[in-house]
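Notes for the structure review
Residues per chain, in single letters:
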Amino acid sequence: MPGAWRCVFFLSAAWLFMKNIVTFARGKDMDKRNRQILKIAVPSIVSNITVPLLGLVDVAIVGHLGAAAYIGAIAVGGMTFNVIYWIFGFLRMGTSGMTSQALGRRDLAEVTRMFVRSVGIAFAIALALVAMQIPLREAALAVMKPTADVARLASTYFDILIWGAPAMLGLFSLTGWFIGMQNSRIPMAVAIVQNVVNIAASTTLVFGFGMKVEGVAFGTLTAQYSGFLMALVAGAAGYGRLRVHFSWKGVWLREAMAHFFKVNRDIFLRTLCMVAVMLFFTSAGSRQGEVVLAVNTLLMQFYLLFSYVMDGFAYAGEAISGRYYGARNGAALADTVRHLFRWGLGMAAGFTLVYGFGGDAFLSLLTDEPHVVAASHDYYYWALAIPLAGMAAFVWDGVFIGCTMTRGMLVSMFFAAVAFFSLYYALRGTLANHGLWAAFVAYMFVRGFVQTLLFRRHLAV
């Protein structure tokens, strides 16, 4: 099948796959639980898919400035902020679980306090990042060791975008609060508007005012604050009626703050384990040569695309599970878990089929280097194993966050990381890159397996 037709086939299959989900969501014969799940999952999937566009737009713009150093600067700066914000993703996850539980208890006073508490803590962390911007920047440059030109441009990019930390972390908290309130439509609208603003602002500043890297950074900064302000306005418009339940008393109460940080401490440590695995995966691949690194980078896109969709169902799990857990409705919680796993199995099977029949088409979309595509064939079956191996981990993450079983998330991630590193070092001498992929697939499976054991033990579902 010629490359162009393979691309058409893959895109058509992916489009039909998502179209069937939306059609099913609108079906009159669908039960209440599926409607609840898809009402949150579908907008979340759209939001997740738009998130990478912020970085892609920056790369696409600087890619037309005539020097490779510009692309390198965006890559270094973008990776730095990705790691920073990934680590502080607990602001979204912890807020989502605790808000949905308060909503399930009909404790509207705590719902409003969680809004203020989470955003306030996000701002405090953001101000600390701004205050520490110089050591953070220098540490990132020391780790990535770019050339002098790239380091200079990356520093400029970093020095501007670090001021977006209050908007980004504040938006994490607001997104978690909205999901906890069973509303993923506002985060979807915010993500779309952010991308539109980013494209308009960056292209205007770069091509209209000749600002180059500074223009890209200021364009992204404008998009970040536009998204944050839009979320605040949408929250005030949609939930302003809850102001009557708000009281400053209890917002910073020691017990409430201790619970907030206990939940988020476990998520934070779990995220560090995840970052360690992902960074090591890239590093281990790079040590095997440029071709292997390119192959691993391409095949990892299969995991990322699947994760964007499954994270939508995880968000649904956070919101709905937390609400029923807070209401002490064990039967509804168990029913939600069963429905989520049915969706997870359906998504895993669908993605495996699409990847199996359209994999070369997807690879052709990402690169026009035939030797890289050819080299990918030796490892392709590992990418095919990811949806089925990793499905349970995504579903359980949502349920565990909703039930604030964050210690279980940390424990499962710890065992998964141990399995990853143990298997890699046991196999690298004989299987090389196959050993790396086997370790990664095992890491995904172990996460879900351990969470299954923990959930059945603690909640007896």
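Residues numbered from 1 in each chain as written. Predicted model: local features only at pLDDT ≥ 70, side-chain atom pairs only at ≥ 80, totals over all residues. Heavy atoms only, no water.

**Observations concerning the overall build of the protein chain**
Put simply, the rule is: Each helix is a run of H or I in the DSSP string that is no shorter than four residues. Each strand is a run of E no shorter than two, and both are numbered from the N terminus. Residue exposure (1.4 Å probe, protein chains only): buried if accessible area is under 20% of the type maximum, exposed if over 50%, otherwise partly exposed. The criterion used for residue contact is that any of the two residues' heavy atoms lie within 4.5 Å. Note on areas: Shrake-Rupley with a 1.4 Å probe; residue coverage comes only from the protein chains shown.
Assigned secondary structure in the protein chain consists of 17 helices and 0 strands. For the protein chain, the residues scored as buried account for 55% of the 461 residues in total. Across the protein chain, the fraction of contacts at a sequence separation of at least 24, relative to all contacts at a separation of at least 6, is 84%. For the protein chain, the exposed surface amounts to about 20100 Å²; the carbon and sulfur share of it is 69%.

**Let's talk about the layout of surface pockets**
As a reminder of what qualifies: Here a cavity denotes a set of grid points, spaced 1 Å apart and computed over the protein atoms alone, in which a 1.4 Å probe fits but from which it cannot get out, and a pocket denotes an open set meeting protein on both sides within 12 Å along at least five of seven lines; residues with an atom within 4 Å of a point are reported as lining. Grid points are joined across faces, edges and corners, and a volume is the space filled by probe spheres set on the points.
Considered as a void within the structure, the second largest pocket measures approximately 440 Å³ in volume. Lining of the second largest pocket is provided by 16 residues; of these, Thr 80, Val 83, Ile 84, Ala 140 and Val 143 occupy positions nearest its centre. Sorting the residues of the lining of the second largest pocket by element identifies α3 (68-87), α5 (108-131) and α6 (133-144) as the ones contributing at least two each.

**A few points about the environment of Leu 299**
Inspection of the secondary structure assignment puts Leu 299 in helix α12 (residues 290-326). The buried category is assigned to Leu 299, whose relative accessible area is 0%. Not counting the four nearest positions on each side in its chain, Leu 299 is found in contact with Leu 363, Ser 376, Tyr 379, Tyr 380, Ala 383 and Trp 437.

**Regarding the pattern of salt bridges**
To keep it simple, the criterion reads: By convention in these notes, a salt bridge is any Lys or Arg side-chain nitrogen within 4 Å of a carboxyl oxygen on Asp or Glu.
Within the structure shown, the criterion is met by 11 salt bridges. Residue Glu 110 is joined to Arg 117 by a salt bridge in which the shortest nitrogen-to-oxygen separation is 2.8 Å. Across the pair, Arg 117 and Glu 110 agree in class, each one buried. As a salt-bridge pair, Arg 265 and Asp 266 come within 3.5 Å of each other at their nearest N and O atoms. You can call Arg 265 partly exposed: its relative accessible area is 38%. Of the residues examined, Asp 266 reaches a relative accessible area of 2% and is grouped as buried. Residues participating in the shared-partner salt-bridge network are Glu 110, Arg 113 and Arg 117.

**Topic: the packing of helix α8 (residues 165-180) against helix α10 (residues 213-239)**
Short version of the rule: Angles run from 0 to 180 degrees between N-to-C directions of axes, and those axes are lines fitted to C-alpha atoms, restricted for helices to the stretch in contact. By the definition used in this description, the sense in which the near helix is turned from the far one sets the handedness, with an anticlockwise turn below a right angle giving left-handed and a clockwise turn giving right-handed. For this classification, the nonpolar set comprises Ala, Val, Leu, Ile, Met, Phe, Trp, Tyr, Cys and Pro, the charged set comprises Asp, Glu, Lys and Arg, and every other residue, Gly included, is treated as polar.
It is the contact of α8 with α10, at a shortest axis distance of 9 Å, that shows an interaxial angle of 35 degrees. When you trace α8 past α10, the crossing you get is left-handed. Across the interface between the two elements, Pro 166, Ala 167, Met 168, Gly 170, Leu 171, Leu 174, Trp 177 and Phe 178 of α8 pack against Gln 224, Tyr 225, Gly 227, Phe 228, Ala 231, Leu 232, Gly 235 and Tyr 239 of α10. A class-by-class count of the residues in the contact of α8 with α10 yields 12 nonpolar, 4 polar and no charged.

**Section: unusual backbone geometry**
Backbone geometry places Arg 106, a non-glycine residue, at a positive phi of 60 degrees. Relative to the assigned elements, Arg 106 resides in the loop between α4 (90-104) and α5. The exposure class of Arg 106 is exposed, given its relative accessible area of 55%. The phi torsion at Gln 182 lies on the positive side, around 65 degrees, for a residue other than glycine.

**Description of the packing of α5 against α8**
When two helices pack together, their arrangement is given by the angle between their axes and by how far apart the axes lie. Rules: Working rule for angles: under 35 degrees goes down as roughly parallel, over 145 as roughly antiparallel, 65 to 115 as roughly perpendicular, anything else as oblique.
Look at α5 against α8: their axes get within 8 Å of each other, and the N-to-C directions meet at 155 degrees. Our classification of the angle between α5 and α8 gives roughly antiparallel. As α5 runs across α8, the sense of the crossing is right-handed. Contact with α5, carried on its side by Val 111, Met 114, Phe 115, Ser 118, Val 119, Ala 122, Phe 123, Ile 125, Ala 126 and Leu 129, involves Ala 165, Pro 166, Leu 169, Gly 170, Ser 173, Leu 174 and Trp 177 of α8 and no other residues of that element. For the contact of α5 with α8, a count of residues per class yields 14 nonpolar, 3 polar and no charged.

**A look at empty space enclosed by the protein**
Using a probe with the size of a water molecule, rolled over the atoms, empty space left in the structure can be pinpointed. Following the criterion strictly, the structure yields 1 cavity of 30 Å³ or more and no others. Taken as a whole, the largest cavity spans an internal volume of roughly 50 Å³. Taken together, Val 76, Gly 77, Thr 80, Arg 137, Ala 140, Leu 141, Ala 154, Ser 155 and Phe 158 make up the lining of the largest cavity. For the lining of the largest cavity, the secondary-structure elements that each account for two or more residues are α3, α6 and α7 (148-161). Across the lining of the largest cavity, the residue classes break down as 5 nonpolar, 3 polar and 1 charged.

**Some words on the environment of Ile 49**
Looking at the secondary structure, you find Ile 49 in helix α2 (residues 32-62). A sequence separation of 142 residues divides Ile 49 from Ala 191, and the C-alpha atoms of the two residues are 9.3 Å apart.

**Brief notes about the nonpolar core**
As a rule of thumb, nonpolar side chains are buried together in soluble globular proteins. Put simply, the rule reads: Residue types Ala, Val, Leu, Ile, Met, Phe, Trp, Tyr and Cys, when buried and joined through side-chain atoms within 4.5 Å, form a set referred to as a nonpolar core.
Core analysis: the biggest nonpolar cluster contains 135 residues, and Leu 169, Phe 313 and Phe 440 have the highest contact counts within it. Considering every element that reaches this core, the biggest residue donor is α12, with 15 residues. When neighbours within four sequence positions are excluded, Phe 440 is seen to be in contact with Met 278, Phe 281, Met 300, Tyr 303, Ile 386 and Phe 420.

**Points about helix α15 (residues 380-402)**
The criterion, for reference: The span expected for a helix works out to 1.5 Å for each residue beyond the first. Two axes define the bend at a residue: one fitted to the seven residues ending there, one fitted to the seven starting there, and the bend is the angle between them.
Spanning 23 residues, α15 covers 34 Å between terminal C-alpha atoms, matching the ideal 33 Å at 1.5 Å per step. Along α15, the largest kink reaches about 45 degrees and is centred on Gly 390. Of all 23 residues making up α15, 19 are buried, and the element is well covered by its neighbours. Looking one or two residues past α15, Thr 404 carries a phi angle of roughly 50 degrees, positive in sign.

**Considering the side chain of Ser 412**
For Ser 412, the position within the fold is in helix α16 (residues 406-431). Apart from residues lying up to four places away in sequence, Ser 412 is in contact with Arg 447, Val 450 and Gln 451.

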